[in-house]
Each structure stands twice: as structure tokens, then as C-alpha cells.
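The lines below spell out each chain.
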Amino acid sequence: TIMAHNEKRRRPQFFRWFVSQTHQVARVDGAVEHHGETYGFSEYADFKREKADQVFYGMNSVFCESQKMHNGTMPIPNFEHFEFVGEGDIDFQTVYIWHAADHHDHNSVTYAENAHTGDPVYLQVHDRRTGPSETIEYRFFEFDAAPQDPNIFHPSAEIQRLCVAN
């Protein structure tokens, strides 16, 4: 469970994030504003095919948009180029802090993990690719590295048939 706060929005967002690095797929569940309405939301991202299905759940409705991957899709983290910065304290937890900067793409990422368990605690993405800089902070409230049912990474067949390509 994650809380995300974008400095451009008033309120933080809460969502669940599921990732399979083996299969290069991810799923995000939460609530979003879409065309002035609040919807339950699931995004099913397939990084191999660079495709995302976005499912919106209303009171008595469901619709799906299928599209190419975009900057708003939660990326699967790649920690190859991170450098250890040191130790810190977040929410009374001792954390190890890592940082990576991509000067070509003009973004940087700071990541903190619990020093005792290795669980993620904090992720900050500072992105200057799309014009004015944007910073999004992610706070992790629970983490489970157990295997997951591969079916959670795809909409049900009933919903999949509703997905309209954009």
C-alpha cells in the first residue's frame, strides 16, 4: 500500500501496487478523478508490449481504455545505477538511502529502504522531462515480497473485451 503525493495536487493518493519483475508486468489499484468524476481504478501495465489497460469502475458501470505506455505509468524500479548515500530516519525507522540521477533524461530518484528488513519505505521521483520540474513522493505502508497469482496482472476476460484502443 502506497501514498503518493504530487506537489502539483492538493491531496495525496492512496493505492496498491503489484509488480512482477520476472514477467515485466504491474498493476495499480486506487481511486482517480476522470472527466470530473471519481472512479475506482486499476491499471494493468505490460512493459514488454509497452501497453497499459486502464479500467474505471463507476457506481453501476465499468469501462476500459487500452493504450501505449505513458509517463504516468508506475515504472518497475531498476536499481542498477543507484549509489548508496547513507543512513537516515523516516517515521522512526532506520533506513538506507540510495540515489540515482539521469542527467540525459533530466530526472532523479531517491529511494529509502528499512535498514533491518530491506522493505521499501520511501521513493521520491524528481522529473524535469515534461517542462517545469515535478516531484512525486511515495510512502510505502506495507510490503509483501511473496509470490503472486499471475492472473492479478490482467483484467478479467469479461472486462478485457471492453478495452478500447486509444
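Residues numbered from 1 in each chain as written. Predicted model: local features only at pLDDT ≥ 70, side-chain atom pairs only at ≥ 80, totals over all residues. Heavy atoms only, no water.

So, the pattern of salt bridges
Between side chains of opposite charge, pairing is possible as soon as their charged atoms come close. Cut-off, in case you're wondering: Any carboxyl oxygen of Asp or Glu that lies within 4 Å of a side-chain nitrogen of Lys or Arg is treated as forming a salt bridge with it. Three labels apply to residues, based on accessible area from a 1.4 Å probe with only protein chains included: buried if under 20% of the type maximum, exposed if over 50%, partly exposed otherwise in between.
Inspection of every chain in the model, using the stated rule, returns five salt bridges. Among the ionic pairs, arginine 27 bridges to aspartate 29, the shortest N-O distance being 2.9 Å. Between lysine 51 and aspartate 53 there is a salt bridge, and its shortest N-O distance comes to 3.2 Å. Its relative accessible area of 4% is what places aspartate 53 among the buried residues.

Notes on the packing of aromatic side chains
How we decide: Aromatic rings from Phe, Tyr and Trp, taking only the six-membered ring of Trp, are treated as a pair when their centres fall within 6.5 Å; an angle between ring planes under 30 degrees marks them as stacked, one over 60 as edge-to-face, and anything in between as tilted. Helix and strand assignments follow DSSP, with helices taken as H or I runs no shorter than four residues and strands as E runs no shorter than two, numbered in order from the N terminus.
On inspection of all chains with the given rule, the structure shows eight aromatic pairs. With a centroid separation of 5.8 Å and 70 degrees between ring planes, the pair formed by phenylalanine 84 and tyrosine 96 is classed as edge-to-face. One end of the pair, phenylalanine 84, is in strand β7 (residues 83–90); the other, tyrosine 96, is in strand β8 (residues 93–102), with 12 residues separating them in the sequence. Each residue in the set Tyr39, Phe41, Phe56 and Phe63 is aromatic and connected to the rest through ring pairs, giving one cluster.

A short note on the state of the cysteines
Formally, a disulfide is one covalent bond, and it connects the sulfur atom of one cysteine to the sulfur atom of another. What counts here: When two cysteine sulfur atoms are found within 2.5 Å, that pair is recorded as a disulfide.
With the rule as written, the count across this model stands at one disulfide. Each sulfur in the disulfide pair cysteine 64 and cysteine 163 lies 2.0 Å from the other. On the sign convention where negative is left-handed, the bridge of cysteine 64 and cysteine 163, at about 80 degrees about the S-S bond, is right-handed. One end of the pair, cysteine 64, is in strand β6 (residues 62–68); the other, cysteine 163, is in the loop between α1 (157–160) and β12 (164–165), and 99 residues separate them in sequence. Judged by its relative accessible area of 3%, cysteine 64 falls in the buried class.

Describing the confidence of the model for the protein
Using the following cut-off: Every residue carries a pLDDT, the predictor's confidence in it, which falls somewhere between 0 and 100.
Looking at the protein as a whole, its pLDDT mean stands at 87, while 89% of the residues score no less than 70. Here β12 is the element of the protein with the lowest mean pLDDT, 74, and β7 is the one with the highest, 95.

Quick word on a nonpolar patch on the surface
Let me state the cut-off plainly: Excluding any residue in a salt bridge, patches collect residues exceeding 30% relative accessible area, merging like charges within 9 Å and nonpolar Val, Leu, Ile, Met, Phe, Trp and Tyr side chains within 5 Å. Surface exposure here means Shrake-Rupley accessible area, sampled with a 1.4 Å probe, where a residue is shielded only by the protein chains that are shown.
A cluster of nonpolar side chains, contributed by Tyr57, Val62 and Leu162, occupies part of the molecular surface with about 200 Å² of accessible area. For valine 62, the location among the structural elements is in strand β6.

Some words on the pairing of strand β11 (residues 134–140)
The side chains of a regular strand alternate between the sheet's two faces. Short version of the rule: Here a strand pair is declared whenever DSSP counts at least two bridges between the two strands.
Burial within β11 is extensive, with five of its seven residues counted as buried. Here five bridges tie strand β1 (residues 2–6) to β11, and the two strands are oriented antiparallel to one another. Counterpart to asparagine 6 in the pairing with β11 is isoleucine 136. As paired elements, strand β10 (residues 120–127) and β11 share six bridges and run antiparallel to each other. Looking at the pairing, tyrosine 122 lines up with arginine 139 of β11.

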